[in-house]
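# Overview (structure and organization)
So you can see what is in the structure, the chains are spelled out below.
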Amino acid sequence: MKHLRLSQLAILIAAIGCATVPELTGIAGNTAYAQEAMRAEVGKIVQQANELYKARKYRDALGKLQEADRVGNKTVNENFTIERMRLSVASAAGDNDAVIRSAEVIVAANKLPAKEQLQLIQVLANAYFKANSFAKAAKMYERYFSEGGTDSSARQYLIQSKSMSGDNAGALKDTRAEIQAAEKAGRVPSQSTLEAYAYAVQKSDKAAYLATLEKLVMHYGKKEYWVNLLNSVERKPEFSSRLSMDLYRLKLAVGQISKTSDYMEMAQMAIQDGNAGEAQKIIDQGYKAGALGTGAEAARHGRLKDLAAKRVAEAKAGLAAAESAAEKSADGTALVNLGFSLATAGEYDKGISLMEQGIKKGNLKYVDDAELHLGVAQLLAGKKSAGVKTLKNVKGKDGTAELARFWVIYASQSK
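Residues numbered from 1 in each chain as written. Predicted model: local features only at pLDDT ≥ 70, side-chain atom pairs only at ≥ 80, totals over all residues. Heavy atoms only, no water.

## Quick notes on the packing of aromatic side chains
Quick note on the threshold: In this scheme Phe, Tyr and Trp rings, the latter by its six-membered ring, pair at centre separations within 6.5 Å, and the angle between planes marks the pair as stacked below 30 degrees, edge-to-face above 60, and tilted otherwise. Buried residues are those whose accessible area, probed at 1.4 Å on protein chains only, stays under 20% of the maximum for their type, while exposed residues exceed 50% and partly exposed ones sit between those limits. In this text, helices come from DSSP runs of H or I with a minimum length of four residues, and strands from runs of E with a minimum of two, each type numbered from the N-terminal end. Whether a charge sits over a ring depends on NZ of Lys or CZ of Arg being within 6 Å of the ring centre and within 35 degrees of the ring normal.
If you walk through the whole model with that rule in mind, you get six aromatic pairs. Between Y53 and Y58, the ring centres sit 5.9 Å apart and the planes meet at 50°, which makes this aromatic pair tilted. Residue Y58 is classed as partly exposed on the basis of its relative accessible area of 22%. Seen in terms of ring centroids, F129 and Y157 are 5.0 Å apart; in terms of plane orientation they differ by 80°. Their pairing is edge-to-face. Of this pair, F129 sits in helix α5 (residues 114-130) while Y157 sits in helix α7 (residues 154-164), and the two are 28 residues apart along the sequence. Across this residue pair, the class does not change: F129 and Y157 are buried. Through pairs of rings, three or more aromatic residues link up here, namely F129, F134, Y141 and Y157. Taking NZ or CZ as reference, R242 lies 3.9 Å from the ring centre of Y366, over its face. In this structure, K305 packs its charged tip against the face of Y287, placed 4.6 Å from the ring centre.

Pasting the structure below:
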């Protein structure tokens with residue numbers, strides 16, 4: 001008579017906030033205990049159940065095994081064999097309660113070879129999880145790992161089990177340990193682990209929350225992560241309002257600008273900063289996206305467009321004089337600003353050259369701003385390696401360093 005072997009389980013990684021149920025799949029035959037003594041009256045019933053199982057008549061197979069339950073004075077081996085058979089049939093039938101009952105008996109018997117025993121411990125943990133018995137599931141997952149289990153995806157269920165059973169501290173500790181272990185091994189932490197950790201520390205540890213969001217953006221790049229990251233950075237007390245336009249630029253780059261009001265405000269800020277060419281590009285994008293040029297405010301949008309064009313013409317007419325004055329200035333601020341204005345308008349080589357001259361000249365009030373803008377200009381010009389190198393030099397604690405790091409991430413994700 002053939003017995004049953006436990007195969008590897010296909011476990012679905014859970015998403016943040018969702019107790020996704022692990023699957024119990026792929027239980028097949030094994031002859032590991034076929035030679036152990038079993039009375040003919042019991043063996044016949046189990047064999048018949050096995051034939052029904054192979055014919056996929058799972059409910060009939062479970063009913064047949066109930067006949068074996070009614071046989072008196074069964075030996076330990078007979079009970080063990082029946083439960084192994086029942087476990088496989090119950091799993092195929094989707095009867096999770098029966099899976100739990102049989103798996104508990106088999107695990108407690110401790111008769112399986114070490115590898116199969118470990119797999120069955122995982123089966124039982126998954127079944128507890130599926131039954132919402134989260135405290136029992138957590139204990140069984142702990143046992144799985146303590147006895148040598150290596151299926152990293154099972155840690156997601158361990159963490160969720162602890163969280164769902166009220167052991168939030170334990171869940172947080174395990175999540176943090178999982179991230180650290182992955183990074184120490186040179187692996188990228190799983191998306192669900194990072195999401196779980198971000199969710200857990202969102203209110204209690206803002207620094208850890210931001211750092212985790214940054215990892216999610218870096219490794220997985222979903223638009224939602226970018227939205228949360230940039231919004232959270234903007235809310236930091238130390239984030240300087242001076243960088244509002246810089247934040248807008250990054251939001252535009254990652255596709256977060258879609259509202260008419262955002263296009264309008266961003267274009268107006270660019271004009272006020274002396275970057276009319278940049279404003280013109282922003283307005284053109286707004287028109288192309290359908291956010292500008294329509295509705296009750298269409299005339300206002302048109303006036304802003306005309307103003308940007310007028311300021312661009314004025315800037316071109318006065319460029320030589322502006323450059324001469326900037327070169328004569330005692331510090332490099334004017335050169336940096338003029339260069340950035342040219343670069344954001346599309347005149348990259350000329351703009352970057354002036355910015356580099358300004359930074360070299362020195363005596364800048366906001367050195368990190370200048371480095372940030374130079375790095376952005378280099379990225380816009382397609383000089384990715386130079387831009388990344390420049391941005392990595394930005395160290396400001398007022399939001400400039402964060403923005404620089406985010407531009408580096410964006411550059412790594414851009415073609």
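## Digging into helix α3 (residues 76-93)
Along an α-helix, a turn takes 3.6 residues, which lines up residues three or four apart on a common side. This is how it is decided: Helix span, expected: 1.5 Å multiplied by one less than the number of residues in the helix.
If you check α3, its first and last C-alpha atoms are 25 Å apart, about what 18 residues at 1.5 Å a residue would give, namely 26 Å. Judged by how many residues are buried, α3 sits mostly within the fold: 14 of 18 residues are covered. At the exit of α3 stands G94, carrying a positive phi of roughly 75°.

## Brief notes about the packing of helix α10 (residues 206-220) against helix α21 (residues 400-413)
The test is simple: Fitted lines through C-alpha atoms serve as axes, helices being fitted only where they are in contact, and the angles separating the N-to-C directions of these axes extend from 0 to 180 degrees. Roughly parallel here means an angle under 35 degrees, roughly antiparallel means over 145, roughly perpendicular means 65 to 115, and every remaining angle is called oblique. For a crossing to be left-handed, the near helix must be turned anticlockwise from the far one by less than a right angle; the clockwise case is right-handed. The contact criterion used is simple: two residues touch if any of their non-hydrogen atoms lie within 4.5 Å.
For the pair α10 and α21, the least separation of the axes is 9 Å and the interaxial angle reads 20°. Here α21 runs roughly parallel to α10, going by the angle between their axes. Between α10 and α21 lies a crossing of left-handed hand. On the side of α10, the interface is formed by E214, V217 and M218, while α21 contributes R405, F406, I409 and Q413.

## Digging into the packing of α7 against helix α8 (residues 168-184)
Where α7 contacts α8, the two axes come as close as 7 Å, and the packing angle between them is 155°. The pairing of α7 with α8 is recorded here as roughly antiparallel in orientation. The interaxial crossing formed by α7 with α8 has left-handed handedness. Within the contact between the two elements, α7 uses R155, L158, I159, K162 and S163 and α8 uses N168, G170, A171, D174, T175 and E178.

## Quick notes on helix α1 (residues 40-54)
Taking 1.5 Å per residue, 15 residues should reach 21 Å; α1 reaches 21 Å between its end C-alpha atoms and fits that length. For α1, every residue scored as buried is listed here: V42, G43, I45, V46, A49, N50, L52 and Y53.

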